[in-house]
Amino acid sequence: MPNNQALQTVQPFCHQPIIELNDVCFSYQQKPVIEDVSFFVQERDFVGVIGSNGAGKTTLLRMIVGLLTPDSGSIKLFGQSVQQFRDWSKVGYVPQKNSLNPLFPATVREVVLSGLYSRNKLFKRVTKSDQIKCDEALHAMKIEDLAGKRIGQLSGGQQQRVFLARALINNPALLILDEPTVGIDSETQEGFFHLIKHMHQHHNITFLLVSHDMDMIRSYLGQEPKRECGKIKLYVKHSHDLEDCVETNLTHSLKELRHSMERGKVGV
Ligand SMILES: Nc1ncnc2c1ncn2[C@@H]1O[C@H](COP(=O)(O)OP(=O)(O)OP(=O)(O)O)[C@@H](O)[C@H]1O
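Remember, it's a predicted structure, so these values are computed and weren't measured experimentally.

**Observations concerning the site of the ligand**
Point 1. Neighbouring the ligand are 15 residues, the closest being Gly-54, Gly-56, Lys-57, Thr-59 and Gln-96.
Point 2. At a separation of 2.5 Å, an oxygen atom of the ligand approaches a polar side-chain atom of Thr-59.
Point 3. At 3.4 Å from an oxygen atom of the ligand is found a side-chain nitrogen or oxygen belonging to Glu-179.
Point 4. Listing elements by their share of the shell around the ligand, those giving two or more residues are strand E2 (31-41) and helix H1 (57-64).
Point 5. Ranked by the residues each element gives to the shell around the ligand, the list is headed by H1, at three residues.
Point 6. The residue inventory of the shell around the ligand, partitioned by class, reads three nonpolar, nine polar and three charged.

**So, the pattern of salt bridges**
Point 1. Following the criterion strictly, the structure yields two salt bridges and no others.
Point 2. We note a salt bridge from Asp-87 to Lys-90, for which the minimum N-O separation is 3.8 Å.
Point 3. Taking relative accessible area as the criterion, Asp-87 reaches 34% and is therefore assigned partly exposed.
Point 4. The class of Lys-90 is partly exposed, set by a relative accessible area of 32%.
Point 5. One salt bridge connects Arg-109 with Asp-135, and the closest N-O pair in it is separated by 2.5 Å. Of this pair, Arg-109 sits in helix H2 (residues 108-113) while Asp-135 sits in helix H3 (residues 128-140), and the two are 26 residues apart along the sequence.

**Observations concerning the sheet that holds strand E3 (residues 46-50)**
Two pairing modes exist for strands in a sheet, parallel and antiparallel, and in both the strands are linked by backbone hydrogen bonds.
Point 1. Here we have six strands laid out as an open sheet, ordered E6-E7-E8-E3-E10-E9, and mixed in their pairing. Of all the strands in the sheet, the pair left with one neighbour each is strand E6 (91-94) and strand E9 (227-229). Within this sheet the neighbouring strands show an average axis-to-axis angle of 15°, counted without direction.
Point 2. In this structure, E3 lies alongside strand E10 (residues 232-237), joined through five bridges in antiparallel fashion. Paired with Val-47 across the strands is Val-236, a residue of E10.
Point 3. Across the face of the sheet, H1 comes into contact with E3, E6, strand E7 (174-178), strand E8 (206-210) and E10 while running at roughly 150° to E7.
Point 4. Against the sheet, helix H6 (residues 214-221) contacts E3, E8 and E10, and its axis sits at roughly 150° relative to E3.

**Some remarks on the sheet that holds E2**
Point 1. In spatial order, the strands read E2-E1-E4-E5; together these four strands make up an open sheet with antiparallel pairing. Looking along the sheet, the strands with just one partner apiece sit at the ends: E2 and strand E5 (80-81).
Point 2. Of the pairings in the sheet, the one linking strand E1 (residues 19-28) to strand E4 (residues 72-77) comprises five bridges and is antiparallel in character. Within the sheet, the bridge partner assigned to Cys-25 lies in E4 and is Ser-72.
Point 3. Sheet strands in contact with H1 are E1, E2 and E4, and its direction is about 120° off that of E1.

Conventions adopted
- Residues numbered from 1 in each chain as written.
- Predicted model: local features only at pLDDT ≥ 70, side-chain atom pairs only at ≥ 80, totals over all residues.
- Heavy atoms only, no water.
- Near = heavy atom within 4 Å.
- Polar contact = N/O pair within 3.5 Å; in protein donor to acceptor, adjacent residues only side chain to side chain.
- Helix = DSSP H or I, 4+ residues; strand = E, 2+ residues; numbered from the N terminus.
- Nonpolar A, V, L, I, M, F, W, Y, C, P; charged D, E, K, R; others polar.
- Salt bridge = Lys/Arg side-chain N within 4 Å of Asp/Glu carboxyl O.
- Buried < 20%, exposed > 50% of the residue type's maximum accessible area, 1.4 Å probe, protein only.
- Pairing = 2+ DSSP bridges.
- Axes fitted to C-alpha atoms, helices over the stretch in contact; angles between N-to-C directions.
- Contact = heavy atoms within 4.5 Å.

Now the structure itself:
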C-alpha cells in the first residue's frame, strides 16, 4: 500500500477530517522514526494503531496532540494546524501508562478535575457544575470511592481508570488512547474494551487507540489493516459501518452502562 494514500478511498467533500496528516516525518537525534506518513481520520471512525515495540506509535500520537513537532509535513486537528489549535477540551488523551511516584500529592478528584482545565486555562476556578461532571466521570469509571486518595497510592489499573475519567470529563469529540489497558487484569481489560466500544457505537466520538491486543483489534476493526505507514498498521472501523449515533450525555450513558453491567444485563 502506498504511504501517501488516505485512510478513506475517496477524499471527503462535506466533512472535515478530525485528524489529518500530510507527509509527516520525525527523527530523534537524526534517527528517523516516522517517515512520510499521511492519512486522515473522519468523524466517528475508530482507528487501531498497531506496531511492534519501537515502531513509532507513541511518537505519532504525541505529534497529533502537539507534544512533539514534526520535522516536516503537517498535522491538522478539526481542520486546524495543531500549532494553532486551541480547543483542547475536544480532545481526550490518555498517555502510555507510567507508574506515578507514591508521593505525588494530587488526589484522584484533583487529577480528574484537571481534565477541565484546557492548556489555556490552567487556573480556572472549580465550579459546582465542574464538581458534578467530576462525580459523573468518577462514577462512570467505578472509582468514586477512590476520590479522596492520592493518585500515587493507587494500583496501575486504578490509575488508568483515573486517567480515563480525566479524559472523559469534557465529553471529548476525539479520544486518543496509548495502550490504555497495559498492567490491567484481563477481566478489567474486557470491561474496558466493552466500554470504549459502547462509547463508539452510541456517541459521536472518534477514537485513535494504540494497542498490542490483536484479538480485540481484529474482533472489532476487522482482520486486515486498512493502511500501513512504515512499521505502523492502521485498523479502522468507519463511521458508516455504525448505526446512527444516539446523542446523549456521555457520562450519563456510561452510568446507564454501568448499572446494566451491575444488574448482569451486559456481559463483561
Ligand atoms: N525521547 C526520545 N529520545 C530518543 N529516542 C526516542 C525517544 N522516544 C522514543 N525514542 C525512540 O523512537 C523509537 C519509537 O519510539 P516510540 O515510543 O514511538 O515507539 P512505540 O511504537 O510506541 O513503542 P512501544 O510499543 O514499545 O511503546 C524507538 O526506537 C525509541 O527508542
